[in-house]
Amino acid sequence: MPQHSAPSAPPPPSETTAADPAPPDAAADRYARKAVVASAVGYGLEGFDLLILSFALSAVTAGLHLTSTQAGSLTTLTLIGCVAGGLLFGMLSDRLGRIRVLSWSIVLFAVFTGATALAQDFPQLAAFRFLAGMGIGGEFGIGMALAAEAFPSRKRARGTSYVGLGWQAGVLTAALVSAPVINAWGWRALFALGVVPALAAFLFRRTMREPAAFTASTDRARPATTPLRSLVDTPAARRATLGVLVLTSVQNFGYYGLMTWLPSYLSQQFGYSLTKSGAWTAVTVLGMACGILAFGHLADRIGRRPTFWLFQTGAVLTVLAYATLTTPVALLIGGAVMGAFVNGMTGGYGALIAELYPTHARATAQNVLFNLGRGVGGFAPLVVALVAGSFGFQKAIGLLAVLYVLDMAAMFLIPERKGAALD
């Protein structure tokens, strides 16, 4: 593989690297499982934090007397923090180590998620959400790089898809506990809960060691090119970076557009209570989890490109179909099917990005590209609200389907790297 560029073809199956030892032994398998669990727990905390904000938004707005503009900006501020944190912690991780920097990001996330419960006005709330977002931004890329480096190449997409399931577990937990906690103790107690699992994950990760791929890379002379520069230093890298950025932007825009406003839409249009909207979210999240699992297995079997195209086509069709549904049963079933395609692609980003960039830039690439996509996605609630105000909510949801066509075209910029050894 040329230095700092995305190769056009995988190496022969007989090649191995420190990240992909042959034959695999029990210790390596145990490490891979532990890396996935550790990464999935951290990613689950992200999902929990961002979704409790959605469920608690009306209570927070009333409690702190926020304007609609202030309330609507909280998700955007959190996701902008994710972009800043993704850049900072990704570059630090590529230089100082996955485990150490991941722990720092968890501490930042834990402190300011808990601090959100203490906010007395909008400036405090905005600052705490931004800083919590910075911690969140470090989680995804480092965890995905850790899992990709720990798993053998033939199972890499499955390994990173298991990490993706952590997000769904966090979202599902948020959907199930938000209403009972808010009704019993108020919205502040909901954010206070974010501290406990974050600290537990921090303690768990202190038992982890660095993956072999990273330690091997530190034994070599560091390239003159910085991690961030490696994303654009060759024509192949620039094409791949643009393609991945389109993928992550579309997926996050669709996800946040749907998950932020659909509970409110269901409540207003069909009279669903918060509890019933939480049930819809839970069913949809279970569908997403099934989609992520299926994506990981298919990507390892038939390749990254065909699997992305399959799921992108499914996203177009199911989003268009969902906009026409009107009965509670259809909305529940349709939400699960739509969720499988719209968010199933999350299971593929970790492996896809890991295979496109060298070890000295891998966590930076994961964090920067995914969190820039999340930054774009942060504007989805505002855009959906504006379109819905002019044309109706069903048309706003249906228009999201158009974005997945752009997603399909972006795949032509990204080389197929199924089974490739990591540099």
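Residues numbered from 1 in each chain as written. Predicted model: local features only at pLDDT ≥ 70, side-chain atom pairs only at ≥ 80, totals over all residues. Heavy atoms only, no water.

- As named in an unreviewed UniProt entry, the protein chain is MFS transporter, taken from Streptomyces benahoarensis.
- In UniProt, the protein chain has this text filed under Subcellular location (unreviewed entry): "Cell membrane". (UniProt positions renumbered as here; feature names shortened; annotations may be inferred.)

1. A closer look at the overall build of the protein chain
- Scanning the protein chain from terminus to terminus reveals 16 helices and zero strands.
- Residues counted as buried form 57% of the 423 residues belonging to the protein chain.
- By sequence separation, contacts in the protein chain at least 24 residues apart represent 86% of the contacts at least 6 residues apart.
- Total accessible area computed for the protein chain in this model is approximately 15800 Å², and 69% of it derives from carbon and sulfur atoms. (Helix = DSSP H or I, 4+ residues; strand = E, 2+ residues; numbered from the N terminus. Buried < 20%, exposed > 50% of the residue type's maximum accessible area, 1.4 Å probe, protein only. Contact = heavy atoms within 4.5 Å. Areas by Shrake-Rupley, 256 points an atom, 1.4 Å probe, with all protein chains shown as cover.)

2. A short note on a nonpolar patch on the surface
- A cluster of nonpolar residues, Phe379, Leu382, Val383 and Leu386, forms a patch on the protein surface that exposes about 380 Å² of accessible area.
- Position of Val383 relative to the elements: it lies in helix α15 (residues 380-391).
- Overall, the relative accessible area of 34% leaves Val383 in the partly exposed class. (Patch = residues over 30% accessible without salt bridge, like charges linked within 9 Å, V, L, I, M, F, W, Y side chains within 5 Å. Salt bridge = Lys/Arg side-chain N within 4 Å of Asp/Glu carboxyl O.)

3. Some words on helix α4 (residues 122-150)
- Compared with the 42 Å implied by 1.5 Å per residue over 29 residues, the 42 Å span of α4 between its first and last C-alpha is a close match.
- For α4, a buried count of 24 out of 29 residues is recorded, marking the element as mostly surrounded by other parts of the structure.
- N-cap assignment for α4: the residue whose side-chain oxygen lies 3.0 Å from the backbone N of Gln124 is Asp121. (Expected span 1.5 Å × (residues − 1). Polar contact = N/O pair within 3.5 Å; in protein donor to acceptor, adjacent residues only side chain to side chain.)

4. Observations concerning helix α2 (residues 68-96)
- Compared with an ideal rise of 1.5 Å per residue, which puts 29 residues at 42 Å, α2 spans 42 Å between its outermost C-alpha atoms and is within 8% of the ideal.
- Immediately beyond the C-terminal end of α2, within one or two residues, lies Gly97, with a positive phi of roughly 125 degrees.

5. A look at the side chain of Thr359
- Residue position: Thr359 is located in the loop between α13 (346-356) and α14 (362-377).
- According to the relative accessible area criterion, Thr359 is buried, its value standing at 2%.
- Leaving out residues up to four positions away in the same chain, Thr359 has contacts with Asp94, Arg98, Glu149, Ala213, Phe214, Ser217 and Asp423.

6. So, the packing of aromatic side chains
- Enumeration according to the criterion identifies 13 aromatic pairs in this entry.
- Aromatic pair Trp309 and Phe412: ring centres 5.1 Å apart, planes at 50 degrees, arrangement tilted. In this pair, Trp309 is assigned in helix α11 (residues 304-322) and Phe412 in the segment after α16 (393-410), connecting sequence segments 103 residues apart.
- Note on Trp309: relative accessible area 25%, which makes it partly exposed.
- Taken together, the ring pairs in this structure connect Tyr43, Phe140, Trp167, Tyr255, Phe295, Phe308, Phe311, Phe341, Tyr349 and Phe370 into an aromatic cluster. (Phe/Tyr/Trp six-rings, centres within 6.5 Å; stacked < 30°, edge-to-face > 60°.)

7. Structural notes on the pattern of salt bridges
- Within the structure shown, the criterion is met by nine salt bridges.
- Two residues, Asp49 and Arg129, come together in a salt bridge whose shortest N-O distance is 2.4 Å. Linking Asp49 in helix α1 (residues 26-64) with Arg129 in helix α4, this pair joins segments that are 80 residues apart in sequence.
- Take Asp49: its relative accessible area is 0%, and that puts it in the buried class.
- The network of salt bridges with shared partners includes Arg156, Arg158, Asp300, Arg304 and Glu355.

8. Observations concerning the packing of α2 against α4
- Direction vectors running N to C along α2 and α4 enclose 40 degrees, while the axes themselves pass 5 Å from each other. Judged by the angle between their axes, α2 and α4 are oblique. Seen along the crossing, α2 lies across α4 with a hand that is right-handed.
- Residue composition of the contact of α2 with α4, grouped by class: 14 nonpolar, eleven polar and one charged. (Axes fitted to C-alpha atoms, helices over the stretch in contact; angles between N-to-C directions. Parallel < 35°, antiparallel > 145°, perpendicular 65-115°, else oblique. Left-handed = near helix turned anticlockwise from the far one by under 90°. Nonpolar A, V, L, I, M, F, W, Y, C, P; charged D, E, K, R; others polar.)

9. Focus on the environment of Val402
- Inspection of the secondary structure assignment puts Val402 in helix α16.
- For the pair formed by Val402 and Ala315, sequence separation is 87 residues and the distance between their alpha carbons is 9.7 Å.

10. Focus on unusual backbone geometry
- We note that His65 has phi near 55 degrees; this positive angle belongs to a residue other than glycine.
- Mapped onto the elements, His65 comes out in the loop between α1 and α2.
- A relative accessible area of 68% places His65 in the exposed class.

11. Regarding the packing of helix α3 (residues 98-116) against α4
- It is at 8 Å that the axes of α3 and α4 come closest, and there the two elements cross at 150 degrees. In terms of their interaxial angle, α3 and α4 are classed as roughly antiparallel. The handedness of the crossing between α3 and α4 comes out as left-handed.
- Here the residues of the contact of α3 with α4 sort into 17 nonpolar, six polar and four charged.

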